[in-house]
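Here is how the chains run, residue by residue.
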Amino acid sequence: MKSRIPTIIIGLLGSVAIAAPSARVDIAPSVIPQPVKLDSAIGQPGFALTGGIKVHYRVSRSEEGAAAIRALMAAGITDVLPEESEGELQVGIEPGKGREWYAVNVTPEGIQLKVGSLAALHLAAQTLAQSIVTDAAGQPALPCMQVEDEPMLAYRGLMLDPCRHPLSVEQTKKMLRIMARYKLNRFHWHLTDDQGWRIEIKKYPKLTEVGSRRDATPLLTDHEASDNTPTAPFFYTQDEIRDVVAYANSLGITVIPEIEIPGHASACIAAYPELGNDDIEGYAPKVATTWGVLPFTMAPKESTFRFIEDVMAEVLPLFPKADLIHIGGDEAPRDQWAASPFAQAYMQKHGLTNPGQIQHKFTHRVAEMLAPHGRRIIGWDEIMMDGSVPPTAVVMAWRSWVKPDAALTAANRGHDVILSPDSHFYFNFAQGHIPADPAYTPHGWVEAKQDWRHVYSFNPKPAHYTPAQAARIIGLQANCWSESIQNAPKLEYQVVPRICALAEVAWRPAELRNADEFLQRIKAEYPWFKEMNINFRHEDGTPALPDAMQSPGI
Ligand code: ACM
């Protein structure tokens, strides 16, 4: 008889599902980010997980049931199996709730999930995965608990940069797994930059033949010196991109690709020099072998716009769920446009009074290209410099030093804003004076001390924002640039546990957070970090896997 199999019920209600209660549970669930409401009953039997979770047949055949099984399995609850049985269950979505709202009710007899949409199943599944404890008999169990939860901010992201140093598909997936555990839902994939073009575009093979390798790389210990060693080509094939995007989707994460326009484009221009300002003196583009801001910008030619359109025609189908397409837009120098007779004539023809307005032509043209495909552009906050931006553009505010505040400027102009200030969310920056820290090198970032406590101190909706301004802040993102990070263990050291702090800052209002209490929940994650073989940063700054950090890279 199947009645003693633990059952998961999806939807509004269900028949009583009978399960074997666990032994007494004495450990309270510890969840990051902290749910809005979490009540647990300790000192009594919980829901036994010894035999895995069997999902009721009729539930598992419904769309919601199948999605729940997938979400639970993706969250690492592996013994989730559709189970044939007779029974009456209703399956449904809780009406009138937000897209990411969910509620969980665990009793010794079963688990009930209610969700605002299928997207929230991933959030519920991660809460369950984090809540698994050991019962008094040493077996896995869930405490009896009720959770009702939803995030404060809709966009919770991490940006990774495989341009300066490569990151394998497998390691990228591991980062996605870490993101999903803490309910981040956007992976911003920085796929093109001066030092490498990393995405296969079939119509333009030289982008990867030429643009995915470079002649040398600055030394990790001294960014002014070179290793004088050519790199191997590195790029993601379209099949690999599809694979990563599908994996991310299976975890409830949307991938936002970034194609840098019009600056940070040396690799692209080295591959196809006619895309750049080829009428200036001494023009000799090459894939960059130094860090920082390079002079090469795209030229405002119709052929360049056609190139961008062709690239987007291949990019968009690879990212079918990406409502936003990142067009870069940061640090685009104006010098080549000022020196180029073609760019000068273009300015005259279009009545432009300063070369910076050429960037706006790019921004508007790309926004117009993408709009018919239902995609909005998102760009670094420099897209607002020197003129107007399409009103639908999302602004990613990173320059924390500019006055007036870039985020407020964007909000006041009616843009949705993602905050990723380099004062708090640049995970490549040092976390303190610890020699193991990749950023602990004499190249100017040493003074940053963005440890998890600093990340946690951030308030995305400070009191001086008006309600209208605060409403424009739709999300947070951490960026982990890779100039100093040549291997995955170093990346993990920079990201974990700062990512936990980012997740909770995006989830809960500042006044409900307490760093000392949060530290206990970070420590409760150490066993999972170890199970995942993550090179996390201990509280004293030491890395979990110091030897792994010495590897030369992929
Ligand atoms: C940036 O850090 N250049 C966005």
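Conventions adopted
- Throughout, residues of each chain are indexed from 1 in the direction in which the sequence is written.
- Since the coordinates come from a predicted model, pLDDT governs what is reported: local features require at least 70, and pairs of side-chain atoms require 80 or more to be given and counted, while whole-chain, interface and lining totals use all residues.
- Only hydrogens and water are removed before side-chain values are computed, so all heavy atoms of the structure are retained for them.
- Numbered from the N terminus, helices here are DSSP runs of H or I no shorter than four residues, and strands are runs of E no shorter than two.
- Burial classification: accessible surface area is computed with a 1.4 Å probe over protein chains only, and a residue below 20% of its type maximum counts as buried, one above 50% as exposed, and the rest as partly exposed.
- Working rule for contacts: check all heavy atoms of both residues, and any pair within 4.5 Å makes them a contact.
- We count a salt bridge whenever a side-chain nitrogen from Lys or Arg sits within 4 Å of a carboxyl oxygen from Asp or Glu.
- Each nonpolar core is a collection of buried residues, namely Ala, Val, Leu, Ile, Met, Phe, Trp, Tyr and Cys, held together in the definition by side-chain atoms within 4.5 Å.
- Note on ring pairs: Phe, Tyr and Trp rings are taken, using the six-membered ring of Trp, and paired if centres are within 6.5 Å. Classes follow the plane angle, with under 30 degrees stacked, over 60 edge-to-face and the rest tilted.
- Pairs of N or O atoms are called polar contacts if they sit within 3.5 Å, as long as, within protein, a hydrogen donor faces a hydrogen acceptor (for residues adjacent in sequence, only side-chain-to-side-chain pairs).
- Strand pairing requires that DSSP identify at least two bridges connecting the strands.
- In this analysis a 1.4 Å probe is tested at points of a 1 Å grid over the protein atoms alone, and where it fits but cannot get out there is a cavity; an open set with protein on both sides within 12 Å along at least five of seven lines is a pocket; lining residues have an atom within 4 Å of a point.
- Grid points are joined across faces, edges and corners, and a volume is the space filled by probe spheres set on the points.
- What pLDDT reports is the predictor's confidence in each residue, on a scale of 0 through 100.
- For a crossover, the right-handed case is the one in which the path from the first strand over the helix to the second runs clockwise, viewed with the strands pointing away from the viewer.
- Note on terminology: pairs of cysteine sulfur atoms within 2.5 Å are recorded as disulfides.

It is worth spelling out the environment of Ser 117 at this point. One can find Ser 117 in the loop between β10 (110–115) and α3 (119–131). Ser 117 gets classed as buried once you look at its relative accessible area, which sits at 17%. For the pair Ser 117 and Thr 297, spaced 180 residues apart in the sequence, the C-alpha separation amounts to 43 Å. Setting aside residues up to four positions removed in sequence, Ser 117 forms contacts with Ile 93, Gly 98 and Arg 99.

Before going further, it helps to spend a moment on the pattern of salt bridges. Two side chains carrying opposite charge are able to pair once their charged atoms lie near each other. Counted according to the given criterion, the structure contains 23 salt bridges. In this structure, Asp 243 engages Lys 173 in a salt bridge whose closest nitrogen and oxygen atoms are separated by 2.9 Å. Taken together, the residues span a long stretch of sequence, with Asp 243 in helix α6 (residues 238–250) and Lys 173 in helix α4 (residues 169–181) at a distance of 70 residues. Its relative accessible area of 14% is what places Lys 173 among the buried residues. The shortest N-O distance in the salt bridge between Glu 492 and Lys 174 comes to 3.0 Å. Taken together, the residues span a long stretch of sequence, with Glu 492 in helix α15 (residues 488–495) and Lys 174 in helix α4 at a distance of 318 residues. Across the pair, exposure class does not vary: Glu 492 and Lys 174 are buried alike. Each member of the salt-bridge network shares a partner with another, and the members are Asp 161, Arg 164, Asp 193 and Glu 483.

The biggest cluster of nonpolar side chains holds 117 residues, and the ones touching the most others in it are Tyr 182, Ile 199, Leu 207, Ile 308, Phe 319 and Ile 499. In terms of residue count, the dominant contributor to this core is helix α8 (residues 302–318) (eight residues). With residues up to four places along the chain from it excluded, the contact list for Phe 319 reads Trp 189, Leu 191, Ile 199, Ile 241, Val 245, Val 255, Pro 257 and Arg 375. Counting 28 residues, the second-largest nonpolar core is a separate cluster that includes Phe 47, Ala 67, Val 115 and Met 145.

Attention now moves to the packing of aromatic side chains. Tallied over the full model, the rule gives 23 aromatic pairs. Centroid distance Trp 189 to Tyr 236: 4.8 Å. Interplanar angle 45°. Geometry classified as tilted. Of this pair, Trp 189 sits in strand β15 (residues 186–190) while Tyr 236 is found in the loop between α5 (206–209) and α6, placing the two residues 47 residues apart along the sequence. What makes Tyr 236 buried here is its relative accessible area of 1%. Arranged with centres 5.7 Å apart and planes meeting at 45°, the rings of Trp 380 and Trp 481 form a pair that is tilted. On the criterion of sequence distance, the pair formed by Trp 380 in strand β20 (residues 376–380) and Trp 481 in the loop between β23 (473–480) and α15 is long-range, its members being 101 residues apart. Both residues of the pair, Trp 380 and Trp 481, count as buried. Chaining the aromatic ring pairs together yields one cluster made of Trp 380, Trp 398, Trp 401, Tyr 426, Phe 429 and Trp 481.

The next point concerns α15. Counting buried residues along α15, eight of its eight residues qualify, which places the element largely inside the surrounding structure. Of the surrounding secondary structure, the elements contacted by the buried residues of α15 are β14 (155–160), α4, β23 and α16 (498–507). Here α15 starts with a cap whose side-chain oxygen sits 2.9 Å from the backbone nitrogen of Lys 490, and that cap is Asn 487.

Counting buried residues in strand β18 (residues 254–258) gives five out of five residues, a clear majority hidden from the surface. With burial as the criterion, each face of β18 is covered, one bearing Thr 254, Ile 256 and Glu 258 and the other bearing Val 255 and Pro 257. In this structure, β15 lies alongside β18, joined through five bridges in parallel fashion. Within β18, the residue paired with Arg 186 across the bridge is Thr 254.

Looking now at empty space enclosed by the protein. Summed over all chains, the structure comprises one cavity of 30 Å³ or more. Its boundaries defined by the atoms lining it, the largest cavity holds a volume of some 110 Å³. Residue lining of the largest cavity: 18 residues in total, with Asp 161, His 165, Leu 167, Ser 482 and Leu 491 positioned closest to the centre.

Cis geometry is found at the peptide bond from Ile 261 to Pro 262, where omega equals -5°. Structurally, Pro 262 is set in the loop between β18 and α7 (266–271). The residue after Lys 403, namely Pro 404, is reached through a cis peptide bond having omega -5°. Positionally, Pro 404 belongs in the loop between β21 (394–397) and α12 (406–412).

For the rest of this paragraph, the subject is the confidence of the model for the chain. Chain-level pLDDT for the chain is 91 on average; 92% of the residues reach the 70-or-more range. Summarising per-element confidence for the chain, the mean pLDDT is lowest in strand β2 (residues 13–14) (35) and highest in β15 (99). Confidence drops under pLDDT 50 across residues 11–18; counting only partners more than four residues distant or on other chains, this segment forms 29 contacts.

Take the pairing of β15 next. In terms of residue burial, β15 counts as a mostly covered element, since five of its five residues are buried. When β14 meets β15, the two strands line up parallel, connected through four bridges. Bridged to Met 159 within β15 is His 188. In this view, the connection linking β14 to its parallel neighbour β15 by way of α4 has right-handed handedness.

Now for the sheet that holds strand β5 (residues 44–48). Reading across the sheet, the four strands line up as β3-β5-β12-β11 and stay open at both edges, with antiparallel pairing between neighbours. Both outer strands of the open sheet, β3 (21–25) and β11 (133–134), are each paired with one neighbouring strand and no more. Examined bridge by bridge, β5 and strand β12 (residues 140–142) share two bridges and lie antiparallel to one another. Directly across from Phe 47, in β12, lies its bridge partner Leu 142.

Turning our eyes to something else, we now look at the state of the cysteines. A full pass over the atoms with the stated rule returns zero disulfides. Unpaired in terms of disulfides, Cys 163 finds its nearest cysteine sulfur in Cys 268, a separation of 12 Å.

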